[in-house]
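Structure assessment
Chain residues, written in single-letter form:
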Amino acid sequence: MDNQSIPQIQTVGVIGCGLMGSGIVEVCARAGFQVVVSEVSQEALHAGLGRLRQSLDKGLARGKLGQAEHAEALDRVRGTTDFEDFAACDLVIEAVLENLDAKHQVFRRLDEICPWHCILASNTSSISITKIAAATDRPDKVIGAHFFNPVPVMPLLEIVRGLQTTDSTYQALRAFGERLDKRIVVAQKDNPGFIVNLLFVPYGLDAIRGLEQGVASMEDFDTAMKLGMNHPMGPFELMDFVGLDTMLFIADAMYEETKDPRYAAPPRLRQMVSAGMMGRKSGRGFYDYRKT
Ligand code: CAA
């Protein structure tokens, strides 16, 4: 343990109010944190805050929270398009595109604006935390906070330690994750794929290879894993849910780092992404969602 004291987190910033960002905002606000969330335009912010409200409404309808908790959570959230609004944050979680240049821009700007004690976290599923931290003068305070979709429902938070992340940063993020009521796992080495994707990516790619080799139908692969192993979704359903572009991006990033053929994307995945078949979000992936 290093000798720095563990910072207390009260105000949380979230960069990006897409699917993951809005889910992160929701769990933070529900846990009692003040939250500032940014988007690139007023339109994107409006859509993101709409998504947040929709999810809170769903939680209310399902009896997961009461009317007062719903209203209090919304009250704690402030939307912005101005990075200067992160100047009072103790922790900022970035959830923008999976692109190292985009992340470097965000982290460089946050490093200028945020107070010196502020922890800078990334929700990346595949980019090295050490590489992201290199854009800042505080690599000791940069860490991975990898949430899972849907964030309000999935109980896991995967914490990723970069090469220079200190114990006090890690302890503060861990305490924060516990306040969100998440179960925490720790990737100690900033390895490609961390913990979850180290297992999930070859699993998904193997399913595609099995399909290409004619081992079984897509439906039978999915049924096998749901009924034989009690997974909520089979591999093809889950890849469609995650997004095939995301799946391909993670696989490519892992292959690029390791050159391990287990992470080499099968041609079919690349073709589907080129054809705009991204999974549920585009209406078509391995399955066709346009008719449902
Ligand atoms: N707020 C609070 N609770 C909510 C909610 C909300 N907005 N929406 C749903 N819930 C609750 C429901 O009330 C329900 O709770 P109970 O079980 O207590 O009744 C539960 O969540 C499940 O919701 P639904 O009934 O609506 O949906 P479902 O049973 O069809 O499950 C699913 C949907 C949770 C997505 C399930 O299919 C599942 O777990 N799939 C796998 C998801 C997964 O693996 N995600 C990780 C993807 S990988 C990733 O994100 C990162 C990466 O790096 C690739």
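These notes cover the structure that comes with them. Keep in mind it's a predicted model, so treat the numbers as computed, not measured.

1. Examining the state of the cysteines
Applying the stated rule across the entire model yields 0 disulfides. Sulfur of Cys28: no disulfide; nearest cysteine sulfur belongs to Cys89 and is 11 Å away. For Cys28, a relative accessible area of 0% puts it in the buried group. Free of any disulfide, Cys114 has its nearest cysteine sulfur in Cys118, 4.2 Å distant.

2. Thoughts on unusual backbone geometry
Pro150 follows Asn149 through a cis peptide bond whose omega is -5 degrees. Along the chain, Pro150 falls in the loop between strand E6 (142-146) and strand E7 (156-161). Phi is positive for Asp181, close to 70 degrees, though the residue is something other than glycine. You can call Asp181 exposed: its relative accessible area is 69%.

3. Some remarks on the nonpolar core
Counting 35 residues, the largest nonpolar core has Val12, Ile24, Cys28, Leu91, Ile93, Phe147 and Phe176 as its most contacted members. With 5 residues, helix H1 (residues 19-30) is the single largest residue contributor to this core. If sequence neighbours within four positions are ignored, Ile24 has contacts with Val14, Ile93, Ala95, Asn123, Phe147 and Val151.

4. A word on the site of the ligand
The environment of the ligand is made up of 19 residues, and the closest members are Ser55, Arg62, Lys64, His146 and Asn149. In this structure, an oxygen atom belonging to the ligand sits 2.6 Å away from a side-chain N or O atom of Lys64. Between the ligand and Asn197, the relevant distance is 3.0 Å, taken from an oxygen atom to a side-chain nitrogen or oxygen of the residue. Those elements that provide at least two residues to the shell around the ligand are helix H2 (42-61) and helix H9 (235-242). Of the residues that constitute the shell around the ligand, the class distribution is 10 nonpolar, 6 polar and 3 charged. Each of domain 1 (11-187) and domain 2 (197-281) contributes no fewer than three residues to the shell around the ligand.

5. Digging into helix H6 (residues 167-179)
Between its terminal C-alpha atoms H6 stretches 18 Å, which fits the 18 Å expected from 13 residues at 1.5 Å a residue. Along H6, the positions that sit buried rather than exposed are Ser168, Thr169, Tyr170, Ala172, Leu173, Phe176 and Gly177.

6. Observations concerning the side chain of Asp90
Its location among the elements puts Asp90 in the loop between strand E3 (77-80) and strand E4 (91-94). Buried within the structure, Asp90 lacks any salt-bridge partner; its nearest side chain of opposite charge belongs to Arg179, at an N-O separation of 8.8 Å. Looking at Asp90, its side chain comes within polar contact range of the side chain of His117, at 2.8 Å. Ignoring sequence-local partners within four residues, the contact set of Asp90 consists of Gln8, Ile9, Gln10, Thr11, His117, Cys118 and Ile119.

7. Let's talk about the pairing of strand E5 (residues 119-122)
A regular strand places its side chains so that they alternate between the two faces of the sheet. Residues of E5 alternate between two faces, with Ile119 and Ala121 on one and Leu120 and Ser122 on the opposite face, all of them buried. As paired strands, E4 and E5 are joined by 4 bridges and run parallel to one another. By the bridge assignment for E5, Leu91 is matched with Ile119. Viewed along the sheet, the connection from E4 through helix H4 (residues 100-113) into E5 turns out right-handed.

8. Remarks on the sheet that holds E7
Spatially, the 8 strands line up as an open sheet ordered E3-E2-E1-E4-E5-E6-E7-E8, and their pairing is mixed. Of all strands in the sheet, those with a lone pairing partner are E3 and strand E8 (183-187), marking the two edges. With strand direction ignored, the average angle separating the axes of adjacent strands in the sheet is 25 degrees. Of the pairings in the sheet, the one linking E7 to E8 comprises 5 bridges and is parallel in character.

9. Some words on the packing of aromatic side chains
Taken as a whole and assessed by the stated rule, the structure comprises 5 aromatic pairs. For the pair Phe33 and Phe176, a centre-to-centre distance of 5.0 Å together with 55 degrees between the ring planes defines the contact as tilted. Linking Phe33 in the loop between H1 and strand E2 (34-38) with Phe176 in helix H6, this pair joins segments that are 143 residues apart in sequence. Judged by relative accessible area, which is 1%, Phe33 ranks as buried. An angle of 85 degrees between the planes, with centres 5.6 Å apart, marks the rings of Phe83 and Phe86 as edge-to-face. Exposure remark for Phe83: the relative accessible area of 19% places this residue in the buried category. Judged by relative accessible area, which is 0%, Phe86 ranks as buried. A connected cluster of aromatic rings, assembled from ring pairs, spans Phe221, Phe236 and Phe286.

The rules behind each value
Residues numbered from 1 in each chain as written. Predicted model: local features only at pLDDT ≥ 70, side-chain atom pairs only at ≥ 80, totals over all residues. Heavy atoms only, no water. Disulfide = S-S within 2.5 Å. Buried < 20%, exposed > 50% of the residue type's maximum accessible area, 1.4 Å probe, protein only. Helix = DSSP H or I, 4+ residues; strand = E, 2+ residues; numbered from the N terminus. Core = buried A, V, L, I, M, F, W, Y, C linked by side-chain atoms within 4.5 Å. Contact = heavy atoms within 4.5 Å. Near = heavy atom within 4 Å. Polar contact = N/O pair within 3.5 Å; in protein donor to acceptor, adjacent residues only side chain to side chain. Nonpolar A, V, L, I, M, F, W, Y, C, P; charged D, E, K, R; others polar. Domains from an automatic or database assignment. Expected span 1.5 Å × (residues − 1). Lys, Arg positive; Asp, Glu negative; His and termini not counted. Salt bridge = Lys/Arg side-chain N within 4 Å of Asp/Glu carboxyl O. Pairing = 2+ DSSP bridges. Right-handed = clockwise from strand over helix to strand, strands pointing away. Axes fitted to C-alpha atoms, helices over the stretch in contact; angles between N-to-C directions. Phe/Tyr/Trp six-rings, centres within 6.5 Å; stacked < 30°, edge-to-face > 60°.

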